[in-house]
Amino acid sequence: FLATPLQMALNTAALGAKGTLMRPLLVREMFDDDRREVEQREPEVARLVEILPQWIDVAREGMRRVVHGDKGSARMNVDGSSKW
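Scoring rules and cut-offs
- Residue indices begin from 1 for each chain and proceed along its sequence in written order.
- Totals for whole chains, interfaces and linings use all residues, but because this is a predicted model, local features are given only for residues with pLDDT of at least 70 and pairs of side-chain atoms are given and counted only at 80 or more.
- In computing side-chain properties, one takes all heavy atoms of the structure into account and sets aside hydrogens as well as water.
- Any residue with relative accessible area above 30% and no salt bridge may belong to a patch, with like charges joined within 9 Å and the nonpolar Val, Leu, Ile, Met, Phe, Trp and Tyr side chains within 5 Å.
- For the accessible areas, the method is Shrake-Rupley and the probe is 1.4 Å, while residue cover comes only from the protein chains on display.
- Salt bridges are identified by distance alone: a Lys or Arg side-chain nitrogen within 4 Å of an Asp or Glu carboxyl oxygen.
- A run of DSSP states H or I qualifies as a helix once it reaches four residues; a run of E qualifies as a strand once it reaches two. Both are numbered from the N-terminal end.
- For a helix, the expected span equals 1.5 Å multiplied by the residue count minus one.
- Each residue is assigned to one of three classes by its accessible area relative to the maximum for its type, calculated with a 1.4 Å probe on protein chains only: buried under 20%, partly exposed between the two thresholds, exposed over 50%.

Colleague: In this structure, what is going on with a nonpolar patch on the surface? I would like to understand it.
Modeller: Together, Leu26, Val27, Met30 and Val38 make up an exposed nonpolar region whose accessible area comes to about 410 Å². Within the secondary structure, valine 27 is located in the loop between β1 (20–23) and β2 (29–31).

Written out as structure tokens, the structure reads:
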């Protein structure tokens, strides 16, 4: 399995957005020397992930339980204190 960190972040975000994969922006807006806005870029849909909505919901629920579930591996620190 080969993926760049950006690819992993985009695909994780697509699950959060219920299957909508957005084109990443490096620059959201630009200003001139007088701090007047010159250009603003709007988010753009790159594509829709072709997965049935119920499977996206399953993945989202699993991700939620990792953080908030009683046995979630991202819920507690090693010493037992809560991350949240």
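Colleague: Help me understand helix α1 (residues 5–16), please; the structure alone is not making it clear to me.
Modeller: Spacing of three or four residues puts side chains on the same side of an α-helix, whose turn is 3.6 residues. With 12 residues, α1 extends 17 Å from end C-alpha to end C-alpha; this agrees with the ideal 16 Å at 1.5 Å per step. Immediately downstream of α1, the backbone of lysine 18 shows phi near 55°, a positive value.

Colleague: What is the right way to read the pattern of salt bridges from this model?
Modeller: One side chain can pair with another of opposite charge once the charged atoms of both are near each other. Inspection of every chain in the model, using the stated rule, returns 8 salt bridges. A salt bridge links glutamate 44 to arginine 23, with the shortest nitrogen-to-oxygen separation between them at 3.3 Å. With glutamate 44 in strand β4 (residues 44–48) and arginine 23 in strand β1, this residue pair connects regions lying 21 residues apart in the sequence. Under the relative-accessibility criterion, glutamate 44 is labelled partly exposed at 43%.

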